[in-house]
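Structural overview for review
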Amino acid sequence: MDKIRVRFAPSPTGPLHIGGARTALFNWLFARKNNGVMVLRIEDTDLERSTEESERNILRDLKWLGIDWDEGPGVGGPYAPYRQTERLEIYREYTERLLAEEKAYYCFCSEEEVEEERQRQLARGEMPRYSGKCRNLSRAEQERCRQEGRQAVVRFRVPSGEKVVVEDLVRGRVEFDSDGIGDFVLVKSDGLPTYNYACVLDDYQMKISHVLRGEEHLSNTPRQILLYQALGWEPPKFAHISLILAEDRSKMSKRKGDVAVEQYRDKGYLPEAVVNFLALLGWSPEGEEEIFLLDELVQRFDLNRVSRAPAVFDMKKLQWLNGHYIKNSPLERITELAVPYLQKAGYLAEELTPEEWEWVKMVVASVREYPSCISEIVEHVDVFFNDEFAFEEEGLKEILQQEQVPQVVEALFAALEDTTDLTPEAAKKILRNISKGLKLGGKKVFMPLRIALTGSSHGPELNELIAILGKERVVSRIKRSLALAGVAQ
RNA sequence: GGCCCUAUGGUCAAGUGGUUAAGACACCGCCCUUUCAAGGCGGUAACGGGGGUUCGAAUCCCCCUAGGGUCACCA
């Protein structure tokens, strides 16, 4: 069996879309699972919309996800170049051949003419497609058009009455009628190949064995197969993956939420969460386990378990997955990711001393289970920075006015006095001793202290809070709160 | 509109003629607990409709319905 070679072929006209990322992931998993080769090809034949910046961003985001490639931009390979605008010579050669064999022809209809015709057909309820007007122009007629300065495109002469069969690896056998396909453009008037054309030429040249792509390309496939036949080439195997839908079951779009993977990265989603989530959209593992890192996905990935139905993007599940990875990643890493958000929010200075860094780690440790993405961490840390807090609600003061409070506070201050190393563990011990020593239930000890320390009835673990704030701030915060609640000290 | 794809709980989905129709997210409840979370345990909830085929259909066939894709000198 020939070596498995797959490709991901984005067009650099915007950021890496979440759907594109999944297509890339499935290709990558398929290649890695089968000891195949992953090719990255840049389809930049749309000069108007392609930008170098988009290309850079797409490559960056693929890398961020952990998807690498064996051939393509940056790494080269036996079939270089891997950028379509650098392959124009190759395409030209085949265009000559197709033209010579009369499998393609020059068409001089202007875009406006074709568009008008299209509209007329649409209005009549007909299928819009090229009429074939220039199909049989004589040499002389062609010459005249040229003389008139008309721009030419090259169209493919679609054979009539042919049944085109796509043996799709996920969809099974799909049949199309060639009569439903108009003579499509191969080479645009600017001399650049269209997608369907360049795609076929490149896939063949690059010896791509399997084309895994989004379902929106299923109806392009018969055109491409016709081209393979015209060129006398064996087509690759095709597998069309169903689309990812927005929550309202329509196509995902900018309006309906975040569609670019960079948006997820910016919000503080971890790449392994995004990958794990994407893998689960349209593919299902064999067992009941659903948490997988990239290499585990490689072990389990199987094209036969890719589903045909479109999948709705379930943000809640992504958040859950991300939360899971946030809770289970090394604290050092989460802290590194969290610090920029904390700096941006003004909680931290641009430069941190080693001591501050250690302190921030404690902060992150005590709140990391709350956020579903790292950026949300800023919503939970105010309690560690803001000494001038107000009571969340007036009723909370009554709890500070309870009769046992002065004793509890006194006991705490005394214990703090005797403690040199105020770790979370030490604080926990102190709290427990107070509760025991005063023979008071937890609620009578912990709730007043929590309120006095934070102005709120809920928040991080009390012992961690105390350790993180340190003796001085604990004392001053409590004194201030008691004063505010009118409790004599 | 033509062509094509799809159809199991709110969502992702397992299932490939005989199952009490898995599991996960979400939701609800209980437990744990010094709060909120997290975690543990449990619960509600599904085969779009109609015809066939068959002793027997979520599973096979047809029709309908619904959703989606595509019909560009965009990819």
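Above this text you will find the structure in question.
Read on for a plain summary of the structure. (Residues numbered from 1 in each chain as written. Chains lettered and ligands numbered in written order. Predicted model: local features only at pLDDT ≥ 70, side-chain atom pairs only at ≥ 80, totals over all residues. Heavy atoms only, no water.)

**A word on the state of the cysteines**
- Taken as a whole and assessed by the stated rule, the structure comprises zero disulfides.
- Of the cysteine sulfurs around Cys 109, a residue in no disulfide, the closest is that of Cys 134, at 3.6 Å. (Disulfide = S-S within 2.5 Å.)

**What to know about the protein's contact with RNA strand B**
- Lining the immediate surroundings of RNA strand B are 60 residues, of which Arg 171, Lys 188, Ser 189, Tyr 370 and Gly 459 lie closest.
- Note that a sugar or linking oxygen of RNA strand B is positioned 3.3 Å from one of the side-chain N or O atoms of Glu 215.
- One nitrogen or oxygen atom from the side chain of Arg 249 is found 3.3 Å from a phosphate oxygen belonging to RNA strand B.
- In terms of residue count, the dominant contributor to the surface near RNA strand B is helix H11 (residues 315–328) (four residues).
- Residues of the surface near RNA strand B, tallied by class, amount to 22 nonpolar, 14 polar and 24 charged. (Near = heavy atom within 4 Å. Polar contact = N/O pair within 3.5 Å; in protein donor to acceptor, adjacent residues only side chain to side chain. Helix = DSSP H or I, 4+ residues; strand = E, 2+ residues; numbered from the N terminus. Nonpolar A, V, L, I, M, F, W, Y, C, P; charged D, E, K, R; others polar.)

**What about the pattern of salt bridges?**
- Using the criterion set out here, one finds 35 salt bridges in the structure.
- The partner of Arg 135 in a salt bridge is Asp 183, and the shortest N-O contact between them spans 2.7 Å. Of the two residues, Arg 135 sits in the loop between helix H4 (111–123) and helix H5 (139–147) while Asp 183 sits in the loop between strand E6 (172–177) and strand E7 (185–187), which places them 48 residues apart along the sequence.
- Residue classification places Arg 135 among the partly exposed positions, given a relative accessible area of 26%.
- One salt bridge connects Asp 248 with Lys 256, and the closest N-O pair in it is separated by 3.9 Å.
- For Asp 248, a relative accessible area of 48% translates into the label partly exposed.
- Because the salt bridges share partners, they merge into one network encompassing Arg 7, Arg 41, Glu 43, Arg 87, Asp 202 and Asp 203. (Salt bridge = Lys/Arg side-chain N within 4 Å of Asp/Glu carboxyl O. Buried < 20%, exposed > 50% of the residue type's maximum accessible area, 1.4 Å probe, protein only.)

**Digging into the pairing of strand E8 (residues 210–214)**
- Counting buried positions over the five residues of E8 gives five, a clear majority of the element.
- As defined by bridge partners, E8 adjoins strand E9 (residues 237–241) across five bridges and the pair is classed as parallel. Pairing of Gly 214 across the sheet is with Ile 241, part of E9.
- Each parallel crossover has a hand, and for E8 linked through helix H7 (residues 221–231) to E9 it is right-handed. (Pairing = 2+ DSSP bridges. Right-handed = clockwise from strand over helix to strand, strands pointing away.)

All we've got here are geometric facts, nothing functional implied.
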